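Observations on the three-dimensional arrangement
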Amino acid sequence: MAFERKYSDEVRAAAVRRVVERRQAEPGNRSILREVAEEFEVGEQSLRIWVKRLDDGMFSAGEAARLRQAPRERLLARIAELEAELESAHERIGAMEEEIEVLKKASAIFAAELAKR
């Protein structure tokens, strides 16, 4: 008697994708596996194994990339935002350094004026 698969590949992929998305959105939530298992009406332990296979790289590269595509795009967008914010901070720092130099020169002039008195 051959082993019969209880869940389709589509259900497995969708459930794993949901776990990956929820982990990205709710990193501290420890009940994600249970909730997703209930949502897709699959066994919690089965889902745990599928996710572990993804984490261990046992899914093919195409499947893993496809499952992680949405979170990857969000991460790339966030990286772009942070790079823009960093560039802005560098510009502000440069402007502040110039102001500091002007203030140093002004204080030197005032100190020289006070020393003359």
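Residues numbered from 1 in each chain as written. Predicted model: local features only at pLDDT ≥ 70, side-chain atom pairs only at ≥ 80, totals over all residues. Heavy atoms only, no water.

This next bit is on unusual backbone geometry. For Glu41, which is not a glycine, the phi torsion comes out positive at approximately 55°. Along the chain, the position of Glu41 falls in the loop between α2 (32-40) and α3 (44-56). The exposed category is assigned to Glu41, whose relative accessible area is 69%. (Helix = DSSP H or I, 4+ residues; strand = E, 2+ residues; numbered from the N terminus. Buried < 20%, exposed > 50% of the residue type's maximum accessible area, 1.4 Å probe, protein only.)

Evaluation of the coordinates by the stated rule reveals 8 salt bridges. With a shortest N-O distance of 3.8 Å, Arg34 and Glu38 are connected by a salt bridge. Taken together, the residues Arg34 and Glu38, both in helix α2 and 4 residues apart, mark about one turn of the helix. Here Glu44 makes a salt bridge to Arg48, at a shortest N to O gap of 3.1 Å. Of the two residues, Glu44 and Arg48 are both situated in helix α3; the distance of 4 residues between them amounts to about one turn of the helix. Take Arg48: its relative accessible area is 36%, and that puts it in the partly exposed class. The network of salt bridges with shared partners includes Arg22, Glu26 and Glu35. (Salt bridge = Lys/Arg side-chain N within 4 Å of Asp/Glu carboxyl O.)

Per-residue pLDDT for the chain has a mean of 84; in total, 83% of the residues score no lower than 70. Element-level mean pLDDT values for the chain span from 84 in helix α4 (residues 61-116) up to 93 in α2. (pLDDT = per-residue confidence, 0-100.)

When you line up the elements, Arg12 lands in helix α1 (residues 9-25). Although Arg12 lies buried, it forms no salt bridge, and the closest oppositely charged side chain, Asp9, sits 4.5 Å away as judged by the N-O distance. Those residues in contact with Arg12 that lie beyond four places of it in its chain are Arg5, Tyr7, Trp50 and Arg53. (Lys, Arg positive; Asp, Glu negative; His and termini not counted. Contact = heavy atoms within 4.5 Å.)

Here we come to the environment of Val42. Along the chain, Val42 turns up in the loop between α2 and α3. Given a relative accessible area of 8%, Val42 falls into the buried group. Measuring from C-alpha to C-alpha, the distance between Val42 and Tyr7 comes to 7.7 Å, with 35 residues separating the pair along the chain. With near-sequence residues (within four places) excluded, Val42 lies in contact with Tyr7, Val11, Ala37, Leu47 and Trp50.

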